[in-house]
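Fold and geometry: a report
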Amino acid sequence: MTRVWRRAAAYSLALSALLAGVVTVSAGIGPVPVPARTVLAVVANAVVVPASVEWAAGGAAGGPLTAGLPLRVGFAHPFAFPVSETHEAIVLRVRLPRILLAAFVGVALAAAGTVMQGFFRNPMADPGVIGVSTGAAVGAVSWIVAPSAVLAFLGPLRPLLNDGAGLQIAAFCGALAAGFGVYLIASRDGRTPVATLLLAGVAVQTFLGAVVSYLLLHSGESIRRVTYWLMGHLSGATWAEVTAAAVVVPTLVLVLFAYARDLNVLLLGETDAAALGVDAERSKRALLAVSSVLTGAAVAVSGVIGFVGLIVPHGVRLLVGPDHRVLLPTSALAGGSFLVAADTFARAGVAELPVGIVTAAAGAPFFLYLLRTREVYEL
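Note that the coordinates shown come from a computational prediction; the quantities given were computed from them, not determined experimentally.

Moving on to the pattern of salt bridges. By the definition in use, this model includes 5 salt bridges. Close ionic contact of Lys284 with Glu281 constitutes a salt bridge, the shortest N to O distance being 3.2 Å. Here Lys284 and its partner Glu281 are both found in helix α12 (residues 280–302), 3 residues apart, which amounts to about one turn of the helix. The two residues Lys284 and Glu281 agree in class, both being buried. Between Arg325 and Asp323 there is a salt bridge whose closest N-O contact spans 2.8 Å.

A probe as big as a water molecule, rolled over the atoms, marks out the empty space that is left. In this structure the tally under the stated criterion is 1 cavity of 30 Å³ or more. Surrounding the largest cavity, Phe119, Arg121, Val194, Leu266, Glu270 and Lys284 form its lining. A class-by-class count of the residues in the lining of the largest cavity yields 3 nonpolar, no polar and 3 charged.

Confidence in the prediction of the protein, expressed as mean pLDDT, is 85, and 89% of residues score 70 or more. Of all helices and strands in the protein, the one with the weakest mean pLDDT is helix α5 (residues 147–151) (70), whereas helix α14 (residues 324–348) scores best (95). For residues 58–62, every residue scores under 50 in pLDDT, and the model assigns this stretch 11 contacts once sequence neighbours within four places are set aside.

Right, let's talk about the nonpolar core for a bit. Soluble, globular proteins show a tendency: their nonpolar side chains are buried together. Grouped together as the largest cluster of nonpolar side chains are 98 residues, with contacts concentrated most on Phe120 and Trp229. Sort the elements by how many residues they give to this core and helix α3 (residues 85–119) lands first, with 17 residues. If we ignore the near neighbours within four places in the chain, the residues touching Phe120 are Ala125, Val129, Ile130, Val194, Leu197 and Leu198.

By the secondary structure assignment, Ser142 is in helix α4 (residues 132–145). You can call Ser142 buried: its relative accessible area is 19%. There is a polar contact of 2.6 Å between the side chain of Ser142 and the backbone oxygen of Val138.

A separate point is the environment of Trp143. Following the sequence through the fold, Trp143 ends up in helix α4. You can call Trp143 buried: its relative accessible area is 5%. Here the alpha-carbon distance between Trp143 and Leu167, two residues 24 residues apart in the chain, equals 5.9 Å.

Another point: the packing of helix α13 (residues 308–320) against α14. It is at 9 Å that the axes of α13 and α14 come closest, and there the two elements cross at 130 degrees. As summarised for this structure, α13 and α14 are arranged oblique, according to the angle between their axes. Classified by chirality, the crossing of α14 by α13 is right-handed. Across from Val308, Ile311, Val312, Pro313, Val316, Arg317 and Val320 in α13, the residues of α14 making contact are Val326, Leu327, Thr330, Ser331, Ala334, Gly335, Phe338 and Leu339. Taken together, the residues of the contact of α13 with α14 break down into 11 nonpolar, 3 polar and 1 charged.

This part is about the packing of aromatic side chains. In total, this model carries 3 aromatic pairs according to the counting rule given. Here the aromatic rings of Phe79 and Phe81 are separated by 5.8 Å at their centres, their planes lie at 10 degrees, and the arrangement is stacked. Assessed through its relative accessible area of 43%, Phe81 is described here as partly exposed. Ring geometry for Phe119 versus Phe120: centroids 5.1 Å apart, planes at 70 degrees, classification edge-to-face.

Let's shift gears to a nonpolar patch on the surface. On the surface, Val47, Val49, Phe79 and Phe81 cluster together into a nonpolar patch covering about 310 Å² of accessible area. Relative to the assigned elements, Phe81 resides in the loop between β2 (71–76) and α3.

This brings us to the environment of Gly139. Checked against the element boundaries, Gly139 lands in helix α4. For Gly139 and Gly166, which are 27 residues apart along the polypeptide, the C-alpha to C-alpha distance reads 9.9 Å.

Side chains three or four residues apart in an α-helix point the same way, a direct result of the helix having 3.6 residues per turn. Across its 26 residues, helix α1 (residues 2–27) extends 37 Å between first and last C-alpha, which sits within 8% of the 38 Å expected from 1.5 Å per residue. Considered for burial, the residues of α1 that qualify are Val4, Ala8, Ser12, Leu15, Leu19, Val22, Val23, Thr24, Ser26 and Ala27. Buried residues in α1 make contact with α2 (36–46), α3 and α14.

Scoring rules and cut-offs
Residues numbered from 1 in each chain as written. Predicted model: local features only at pLDDT ≥ 70, side-chain atom pairs only at ≥ 80, totals over all residues. Heavy atoms only, no water. Salt bridge = Lys/Arg side-chain N within 4 Å of Asp/Glu carboxyl O. Helix = DSSP H or I, 4+ residues; strand = E, 2+ residues; numbered from the N terminus. Buried < 20%, exposed > 50% of the residue type's maximum accessible area, 1.4 Å probe, protein only. 1 Å grid on protein atoms, 1.4 Å probe; cavity = no way out; pocket = protein on both sides within 12 Å on 5 of 7 lines; lining within 4 Å. Points joined across faces, edges and corners; volume = space filled by probe spheres on them. Nonpolar A, V, L, I, M, F, W, Y, C, P; charged D, E, K, R; others polar. pLDDT = per-residue confidence, 0-100. Contact = heavy atoms within 4.5 Å. Core = buried A, V, L, I, M, F, W, Y, C linked by side-chain atoms within 4.5 Å. Polar contact = N/O pair within 3.5 Å; in protein donor to acceptor, adjacent residues only side chain to side chain. Axes fitted to C-alpha atoms, helices over the stretch in contact; angles between N-to-C directions. Parallel < 35°, antiparallel > 145°, perpendicular 65-115°, else oblique. Left-handed = near helix turned anticlockwise from the far one by under 90°. Phe/Tyr/Trp six-rings, centres within 6.5 Å; stacked < 30°, edge-to-face > 60°. Patch = residues over 30% accessible without salt bridge, like charges linked within 9 Å, V, L, I, M, F, W, Y side chains within 5 Å. Areas by Shrake-Rupley, 256 points an atom, 1.4 Å probe, with all protein chains shown as cover. Expected span 1.5 Å × (residues − 1).

Here's what the structure looks like:
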């Protein structure tokens, strides 16, 4: 047991360092090159720490963390490295939000893909196997093609939605509807057979794919925007999206990690799992629900990015083995590095490419290379 956790910690620390390095290098790549040392200086200068706490005479004061309290909290920047305003603006306002969002999306897709491959005991499964990605596509394309029809279902939220937020909410709702719809279709008498769930997912994916095709036929002048979204992209990322992802993604990945042992036992089959004291149905419901929400959140902000949830868990499994206590955190961190690197390549060329094209073009040959040169672990 101790050896397993030591392996997990060692691999996770190494991959965390790799992710930090990839993020740093990526932030310096672009039409205006920025040295890695300058990138680190810009990030350090942005750090703030509480410097003082005072009682405010005459009532409440302070920022949002002290709202309603008679406190005034002062913040200070502990670092003041000399950095040009141009480099600071490029790194903090343009590149870093996109890079960090790519890291969180990669973590989410790789973690969900790891769970799906273990859940279905199939190394070819990915986060979209139960129709979550296609459901998100239906929601997003519906918003782009006929926003008024989508707004009719959002009730009191309508005045609060701009175009970007509406698109993301529509995609997220479509993803959840597809994922939980497949679960309800496949469940009977309190049980959800894995084979039935897989077949239901394929059927729902096919149907939703037909819906997307129908919407494309009626997209008119919006077809370019629809196609771009379906290819996956991370352009236009904001710090608000990064903040939301920083809360949602790590939390849900930790929940999945709490079920790593159950996932290992489920690989033996539901009968053996019950004999070992694992409530198979409860574990399956939790794994499916959290994976669907995680995938839906990722697809909502990035569009459909293929191959991350397939190639990364499978490639990492060839290196660290099938134990999900090690595989899940390492796959998640490797997924973040992979998507950051892919997005950097996508935006660094003469013309920016949708990142989904890059992940597919890079992932498929690497996948074939691993299959030809490494032993494949059975699930």
